[in-house]
Amino acid sequence: QVELVESGGGPVQAGDSLRLSCAASGRTFSDGDTGWFRQAPGKEREFVTAIDYNGVTTKYSDSVKGRFTISRDNVKNTVYLQMTNLKPEDTAVYYCATTRGRTFNLRVTSIAYAYWGQGTQVTVAS
């Protein structure tokens with residue numbers, strides 16, 4: 001059984017940095033692509049970033065490009081989301097997700113991801 005567990009969220013001030021972690025059990029991250037999504041109150045879940053099964057190719061949404069970095073630690077079987085220069089509009093529940101298998105192109109739609117964590121809240125105060 002695949003389980004993803006996010007951690008690292010919390011309240012921060014605008015301009016602060018935060019690192020989210022996504023630990024997996026039941027599979028390794030090289031089995032598929034991994035993405036981070038977020039959902040703010042009253043809004044749809046949106047793509048943030050993704051990393052391919054090789055841990056090499058990444059993709060970012062325009063809203064976080066240059067501020068957020070996705071990375072992976074194969075030894076710890078953990079994916080990280082380093083967030084810098086946080087803004088109030090980054091406030092959301094952040095979810096980690098993986099695809100069922102390896103893909104040829106990183107996907108930005110939530111429907112492409114089969115396994116999801118429970119989410120971790122990030123709140124950025126102005």
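For the structure itself, look to the data block above.
Definitions and cut-offs
Residues numbered from 1 in each chain as written. Predicted model: local features only at pLDDT ≥ 70, side-chain atom pairs only at ≥ 80, totals over all residues. Heavy atoms only, no water. Phe/Tyr/Trp six-rings, centres within 6.5 Å; stacked < 30°, edge-to-face > 60°. Helix = DSSP H or I, 4+ residues; strand = E, 2+ residues; numbered from the N terminus. Buried < 20%, exposed > 50% of the residue type's maximum accessible area, 1.4 Å probe, protein only. Disulfide = S-S within 2.5 Å. Contact = heavy atoms within 4.5 Å.

In total, this model carries five aromatic pairs according to the counting rule given. Ring centres 5.7 Å apart and planes at 75° place the aromatic pair F37 and F47 in the edge-to-face group. With F37 in strand β4 (residues 34-39) and F47 in strand β5 (residues 46-51), this residue pair connects regions lying ten residues apart in the sequence. Since its relative accessible area comes to 1%, F37 is described here as buried. Of the residues examined, F47 reaches a relative accessible area of 11% and is grouped as buried. Here the aromatic rings of Y95 and W116 are separated by 6.4 Å at their centres, their planes lie at 75°, and the arrangement is edge-to-face.

Now for the state of the cysteines. For the structure on display, the rule yields one disulfide. Shown here is the disulfide that connects C22 with C96, its sulfur atoms set 2.0 Å apart. Its S-S torsion of approximately -75° makes the covalent link between C22 and C96 left-handed. Of the two residues, C22 sits in strand β3 (residues 18-25) while C96 sits in strand β9 (residues 92-98), which places them 74 residues apart along the sequence. Assessed through its relative accessible area of 0%, C22 is described here as buried.

The subject of this paragraph is the environment of E44. Tracing the backbone shows E44 in the loop between β4 and β5. Owing to a relative accessible area of 69%, E44 belongs among the exposed residues under this scheme. The spacing of E44 and R102 is 58 residues in sequence and 26 Å in space, taken between C-alpha atoms. Contact partners of E44, with chain neighbours within four places excluded, come to R38 and Q39.

Let's shift gears to unusual backbone geometry. Look at N77: it is not a glycine, yet its phi comes out positive at around 50°. By the secondary structure assignment, N77 is in the loop between β7 (68-73) and β8 (78-83). In this model, N85 sits at a positive phi of 45°, which is unusual for a non-glycine residue. Along the chain, the position of N85 falls in the loop between β8 and β9. Note on N85: relative accessible area 41%, which makes it partly exposed.

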